[in-house]
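One letter stands for each residue in the lines below.
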Amino acid sequence: MKVVICGAGQVGFGIAERLAVEQNDVSIIDTNARRIQAVTEQLDVRGVVGQGSHPDVLARAGIEQADMLIAVTLHDEVNMVACQVGHALFNVPTKVARIRAQTYLAPEWRDLFSRDQLPIDVVISPEVEVGEMVLRRLSLPGATDTVSFADGAVVVVGVACGEDCPVVDTPLSQLTQLFPDMPATIVAVSRNGRTLVPRSNDQLAVGDIVYFVAQADQVQRGLSLFGHDEVPGQRIVIAGGGNIGYYVASELEKRNAAARIKLIESSRERAQTIAEVLSRTVVLNGDTLDRGILDEAGVGEADTMIALTNDDRINILSCQLAKQIGAKRILALLNEQGYATFARGLGIDAHVNPRQITVSKVLQHVRRGRIRGVHALLDGTGEMIEAEALETSPLVGKPLRDLDLLEGLRIGAIVRGGQVLLPRGDTVVRAHDRVVLFALADRIKRVEQLFRVALEFF
């Protein structure tokens, strides 16, 4: 696939990195020559210095042959114009744009991105995506990571195995005997920095991060099996009143009438603005690293402290300070991958990575075959994928135990006619089933092939 990416920031680099590894033909555009130099030195991509919305720059990047244009610069207007130019002058089949300003996404302007107006096929709003991820983490406090598939029917949950985890040192093949009604399928394990697809004779160890798949209404039971019975908290302190912090506070007001929310914002003007809009949230103006402000916000009695400022270091430090003061649980927004990899070592219970969330959303539309959903896990070493099985797929018609196609893959759930099925050895995938599976990064091409239409790929 030929892909042109506008913007070589964290998100653009992340997308280019994933696509280049998978042997796609990638060109990346940015106005910053140093960024382009850094990208081309690290990745097998073509770099072009210039404005991504300019036709001549797009032409130099090879837009005439592109299957997809992905515009993820820091400026919404540049992203929108790049897609318009890609459509009008070069007839690019698929155009993806990151749009951050919520006014463009308001329901009354829903026709703005139609083919007859601004022809953008996929609009991605990082603030909304990240905000929803934070809200899911709040609803499942025992989880380190969560993502939903199959229109919300299936949930993938990451959980840490502690000293009191009931399933530690037990072969996975025995779990169904010990827990006959076990409502989950374990699909991936992170151990000492390595990502593993578990086999039946493998055992979990203390310190593992385990990912399991469950029906949405069985997630809490699944967490209990791993020793996590935490209840969602009602006393919540939010550090940072930017777009994400405001979104989380406003949605909490709508969805949880019992929640007691306090929000700390360093800008007086911004604090006044959001205080006038939020109805049940107490907005405080001050520094989230100021002990006095944290005490005033009641962090010591908080069930959860969420750090959502634009500065990773402030988020980390304010979370650690909140933990010392007495906050039961802390959650941080971390943009830098380096910080995210050792977040738990810093005492952070859970974190969200905007770059990973946005990259996952884009990859959902890059993947070939009948791919319906994608979410990158464990620093991109693997992906959860939802795909539709077609008649021509070699997965169809045979018991899973008889398939030799699943090395590096693990099926977590099958959705058939609205019913969620957890796979067993004798389970048979049928045509039009929606399959939710985990794949190691080097097996993703194989997943695409498994869910393509034509037999020639096999």
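Scroll up a little and you will see the structure.
These lines cover the structure that appears in this document, whether it is placed above or below. These figures come from a predicted structure and were not determined experimentally.

### Comments concerning the environment of Ser 190
For step 1, the next point in the chain: Following the sequence through the fold, Ser 190 ends up in strand S9 (residues 184-191).
For step 2, the next point in the chain: Classification of Ser 190 by relative accessible area gives buried; the value is 15%.
For step 3, the next point in the chain: Each C-alpha atom, one on Ser 190 and one on Thr 381, is 9.8 Å from the other, the two residues being 191 residues apart in sequence.
For step 4, the next point in the chain: Those residues within four positions of Ser 190 in sequence are excluded, and the remaining contacts are Gly 207, Asp 208, Ile 209 and Leu 378.

### Brief notes about the pairing of strand S8 (residues 154-160)
Two faces make up the sheet, and in a regular strand the side chains alternate between them.
For step 1, the next point in the chain: Here S8 lies mainly inside the structure; seven of its seven residues are buried.
For step 2, the next point in the chain: Neither face of S8 is open: one carries Val 154, Val 156, Gly 158 and Ala 160, the other Val 155, Val 157 and Val 159, and all of them are buried.
For step 3, the next point in the chain: Relative to S8, strand S7 (residues 145-149) runs antiparallel, the two being bridged by five bridges. Directly across from Ser 148, in S8, lies its bridge partner Val 155.
For step 4, the next point in the chain: The loop that links S7 with its antiparallel partner S8 comprises four residues; one of these, Ala 150, has a positive phi angle of about 50 degrees.
For step 5, the next point in the chain: Sheet topology note: the S8/strand S11 (residues 209-215) ladder contains seven bridges and is antiparallel. Looking at S11, one finds that Val 157 is bridged to Phe 212.

### Thoughts on the sheet that holds strand S14 (residues 282-285)
For step 1, the next point in the chain: The strand order across the open sheet built from six strands is S14-S13-S12-S15-S16-S17, with neighbouring strands paired in parallel fashion. Strands at the two margins of the open sheet, each flanked by one partner only, are S14 and strand S17 (350-352). Going from strand to strand, the sheet's axes swing by 15 degrees on average, the running direction of each strand aside.

### Notes on the sheet that holds strand S10 (residues 194-196)
For step 1, the next point in the chain: Read from one edge of the open sheet, five strands run S7-S8-S11-S9-S10, paired in antiparallel fashion. Unpaired on one side and paired on the other, S7 and S10 mark the two borders of the sheet. Between one strand axis and the next, the sheet turns by 20 degrees as a mean value, whatever way the strands run.

### Quick look at helix H8 (residues 243-255)
For step 1, the next point in the chain: The first and last C-alpha atoms of H8 sit 18 Å apart over 13 residues, in line with the 18 Å expected at 1.5 Å per residue.
For step 2, the next point in the chain: Turning to H8, its buried residues number three or more, namely Ile 244, Gly 245, Tyr 247, Val 248, Ala 249, Ser 250, Glu 251, Leu 252 and Glu 253.
For step 3, the next point in the chain: Tucked into the core, H8 has its buried residues touching helix H5 (126-139), strand S12 (235-239), strand S13 (260-265) and strand S16 (329-333).

### Focus: the side chain of Glu 253
For step 1, the next point in the chain: Residue placement: Glu 253 occurs in helix H8.
For step 2, the next point in the chain: Although buried, Glu 253 forms no salt bridge, and the nearest oppositely charged side chain, Arg 280, lies 5.5 Å from it.
For step 3, the next point in the chain: With residues up to four places along the chain from it excluded, the contact list for Glu 253 reads Ile 261, Leu 278, Ser 279, Arg 280 and Thr 281.

### Examining the state of the cysteines
Put plainly, a disulfide is one covalent bond tying together the sulfur atoms of two cysteines.
For step 1, the next point in the chain: In total, this model carries zero disulfides according to the counting rule given.
For step 2, the next point in the chain: Take Cys 83: it sits in no disulfide, and the sulfur closest to it among the cysteines is that of Cys 6, at 7.6 Å.

Reading the values: the criteria
- Residues numbered from 1 in each chain as written.
- Predicted model: local features only at pLDDT ≥ 70, side-chain atom pairs only at ≥ 80, totals over all residues.
- Heavy atoms only, no water.
- Helix = DSSP H or I, 4+ residues; strand = E, 2+ residues; numbered from the N terminus.
- Buried < 20%, exposed > 50% of the residue type's maximum accessible area, 1.4 Å probe, protein only.
- Contact = heavy atoms within 4.5 Å.
- Pairing = 2+ DSSP bridges.
- Axes fitted to C-alpha atoms, helices over the stretch in contact; angles between N-to-C directions.
- Expected span 1.5 Å × (residues − 1).
- Lys, Arg positive; Asp, Glu negative; His and termini not counted.
- Salt bridge = Lys/Arg side-chain N within 4 Å of Asp/Glu carboxyl O.
- Disulfide = S-S within 2.5 Å.

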